Amino acid sequence: MDVPLWLALLAVGYLGVKLIRPPLWLIAVILLGGFLLADSVLAPVIDGFVK
């Protein structure tokens, strides 16, 4: 069964917010930080570390 990545991330994110109940500011900081890191000079280093 092939599940699209966006659907898997959506399900994990929904369950994480529902079960852990982090504050909204923390969710915003994590999303903004990830977005900014993806477009930085560190992106190739992070990509190599993750793979």
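All residue numbers refer to position in the chain's written sequence, counted from 1. Since the coordinates come from a predicted model, pLDDT governs what is reported: local features require at least 70, and pairs of side-chain atoms require 80 or more to be given and counted, while whole-chain, interface and lining totals use all residues. As a convention, hydrogens and water are excluded, and side-chain values are obtained from all of the structure's heavy atoms.

## A few points about the pattern of salt bridges
So, point 1. The term salt bridge refers to a side-chain nitrogen of Lys or Arg lying within 4 Å of a carboxyl oxygen of Asp or Glu. Counting across every chain of the model gives one salt bridge.
So, point 2. Among the salt bridges present, the one from aspartate 47 reaches lysine 51, with a minimum N-O distance of 3.8 Å.
So, point 3. Relative accessibility decides the category of a residue: with a 1.4 Å probe and only protein chains considered, values under 20% of the type maximum give buried, values over 50% give exposed, and everything between is partly exposed. Using a relative accessible area of 39% as the deciding quantity, one classes aspartate 47 as partly exposed.

## A word on helix α1 (residues 5-20)
So, point 1. Between its first and last C-alpha atoms α1 spans 22 Å; for 16 residues at 1.5 Å apiece the expected length is 22 Å, and the two agree.
So, point 2. To qualify as a helix, a DSSP run of H or I must reach at least 4 residues; to qualify as a strand, a run of E must reach at least 2; elements of each kind are numbered from the N terminus. By the criterion of burial, α1 is predominantly exposed, with just zero of the 16 residues buried.
So, point 3. One or two positions beyond α1, positive phi appears at arginine 21, with a value near 60°. In a helix, the anticipated span is given by 1.5 Å times the number of residues less one.

## Details of unusual backbone geometry
So, point 1. Phi is positive for arginine 21, close to 60°, though the residue is something other than glycine.
So, point 2. Following the sequence through the fold, arginine 21 ends up in the loop between α1 and α2 (24-38).

## A few points about the environment of tyrosine 14
So, point 1. Relative to the helices and strands, tyrosine 14 is located in helix α1.
So, point 2. By relative accessible area, tyrosine 14 is classed as exposed at 53%.
So, point 3. Residues tyrosine 14 and isoleucine 46, spaced 32 residues apart in sequence, show a C-alpha to C-alpha distance of 25 Å.

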